[in-house]
Amino acid sequence: MNNQILKEKLQGTLKKIQTNSDGSPVTNLKLDKALAKEIEQLTTELESLNPHPQPLLHATALLEGAWQLQYSTAREIRSLDSLPLGLRVGKVYQVINIADKLFFNLAQVTHPLGLVSGYVKVTASFEPAISDISGLADKRINVDFDKRYLAIEKILGIDTPKLNPFKVVAANNPQGRIATLDITYLDEFLRIGRGGDESLFILNKANDLPM
């Protein structure tokens, strides 16, 4: 099976389980175990057909820009399913700046009644990690999380610039290890990554650029 067929099958499966129309990512938290296993299998098969197995050497231009998260098994993404005060997560983006080795993650947050809208943003820097096998920086990056921003953009539809952001704190890095991300599949429209804690991230290239 070629990668285009696998991509279509994976994207079709994710679309079927997308219960919300707000573009929020799907997690494995509420999925049937068999379905989560199917997604993992499709992902693994697609990773084996990665057209850019050394993206940090030969495909950095494809990484640049905004990516929208479609599916994840990461703890920090699954925690967004249980926000307080009835708030719900919307679209989640990762925006990468290759030249400066920076990125930020941004999760849009809204109240279902339109009372409040805002976002959570985490900024970070990264460095390509040297592979023990090849001696080159091929697909792994080491990540250093910097700051976490909490913001309310609107209350009852009225802009709230004084609350944008209302809190800025140091972001948490994992204790006892370096945060890493392996880029396991990359093309012009799809990116798959594996975190150092074995978490999975599936993202599509975004047309709408977040702030």
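Residues numbered from 1 in each chain as written. Predicted model: local features only at pLDDT ≥ 70, side-chain atom pairs only at ≥ 80, totals over all residues. Heavy atoms only, no water.

**Student:** What is the right way to read unusual backbone geometry from this model?
**Tutor:** Glycine aside, a negative phi is what most residues show, and trans is what most peptide bonds show. The omega torsion across Asn164 and Pro165 is 0 degrees, close enough to zero to call that bond cis. Mapped onto the elements, Pro165 comes out in the loop between strand 7 (158–159) and strand 8 (167–170). Here the phi dihedral of Lys101 falls at roughly 55 degrees; this positive angle occurs in a residue that is not glycine. Turning to its location among the elements, Lys101 is positioned in the loop between strand 3 (88–97) and strand 4 (102–110). Judged by its relative accessible area of 32%, Lys101 falls in the partly exposed class. Even without being a glycine, Glu198 presents a positive backbone phi close to 70 degrees. In this fold, Glu198 is placed in the loop between strand 10 (190–195) and strand 11 (200–205). (Helix = DSSP H or I, 4+ residues; strand = E, 2+ residues; numbered from the N terminus. Buried < 20%, exposed > 50% of the residue type's maximum accessible area, 1.4 Å probe, protein only.)

**Student:** I'm lost on the nonpolar core in this one. Help?
**Tutor:** The nonpolar side chains of soluble globular proteins are, as a tendency, buried together. One finds Leu186 and Phe201 to be the most contacted residues of the largest nonpolar core, which totals 24 residues. Elements represented by at least two residues in this core include exactly helix 4 (60–63), strand 2 (65–72), strand 3, strand 4, strand 5 (116–128), strand 6 (140–155), strand 9 (179–186) and strand 11. Excluding residues that lie within four positions of it along the chain, Leu186 makes contacts with Asn50, Pro51, His52, Pro55, Ala59, Leu62, Leu63, Trp67 and Arg191. By size, the runner-up hydrophobic cluster in this structure holds 16 residues, among which are Leu14, Ala36, Leu46 and Ile202. (Core = buried A, V, L, I, M, F, W, Y, C linked by side-chain atoms within 4.5 Å. Contact = heavy atoms within 4.5 Å.)

**Student:** I tried to follow helix 1 (residues 3–16) on my own but got confused; where do I start?
**Tutor:** Here helix 1 is 14 residues long and its end C-alpha atoms lie 20 Å apart, about the 20 Å a rise of 1.5 Å per residue gives. When helix 1 is considered as a whole, its buried residues turn out to be Leu6, Lys7, Leu10, Thr13 and Leu14. The buried residues of helix 1 all sit within an arc of 135 degrees when viewed along its axis, so they share a single face. Of the residues in helix 1, the exposed ones pointing more than 90 degrees away from the buried face are Glu8, Lys15 and Lys16. Residues of helix 1 that are buried sit in contact with strand 1 (26–27), helix 2 (33–47), strand 2, strand 9, strand 10 and strand 11. Between the side-chain oxygen of the N-cap and the backbone nitrogen of Gln4 there are 3.1 Å, and the N-cap of helix 1 in question is Asn2. (Expected span 1.5 Å × (residues − 1). Arc of directions from axis to C-beta. Polar contact = N/O pair within 3.5 Å; in protein donor to acceptor, adjacent residues only side chain to side chain.)

**Student:** Got a minute to help me understand the pairing of strand 5 in this structure?
**Tutor:** Each regular strand carries side chains that alternate between the two faces of the sheet. One ladder, built from 9 bridges, connects strand 4 with strand 5; its direction is antiparallel. Counted as the bridge partner of Asn105 is Val122 from strand 5. Between strand 4 and the antiparallel strand that follows it, strand 5, lie 5 residues; Gly114 among them carries a positive phi value of about 75 degrees. Pairing geometry for strand 5 and strand 6, over 12 bridges, is antiparallel. When the bridges of strand 6 are listed, Ser125 appears paired with Asp144. (Pairing = 2+ DSSP bridges.)

**Student:** I'm lost on the environment of Lys91 in this one. Help?
**Tutor:** Along the chain, Lys91 falls in strand 3. Residue classification places Lys91 among the partly exposed residues on the basis of a relative accessible area of 24%. Put simply, Lys91 and Thr19 are 72 residues apart on the chain and 13 Å apart in space, counted from C-alpha to C-alpha. Leaving out residues up to four positions away in the same chain, Lys91 has contacts with Asp22, Gly23, Ser24, Gln68, Leu106, Ala107, Gln108 and Asp208.

**Student:** How do you make sense of the environment of Gln70 when you look at a structure like this?
**Tutor:** Mapped onto the secondary structure, Gln70 falls in strand 2. Under the relative-accessibility criterion, Gln70 is labelled buried at 19%. Residues Gln70 and Arg88, 18 residues apart in the sequence, show an inter-C-alpha distance of 16 Å. Beyond its immediate stretch of four places on either side in the chain, Gln70 contacts Leu14, Pro25, Val26, Ile202, Leu203 and Asn204.

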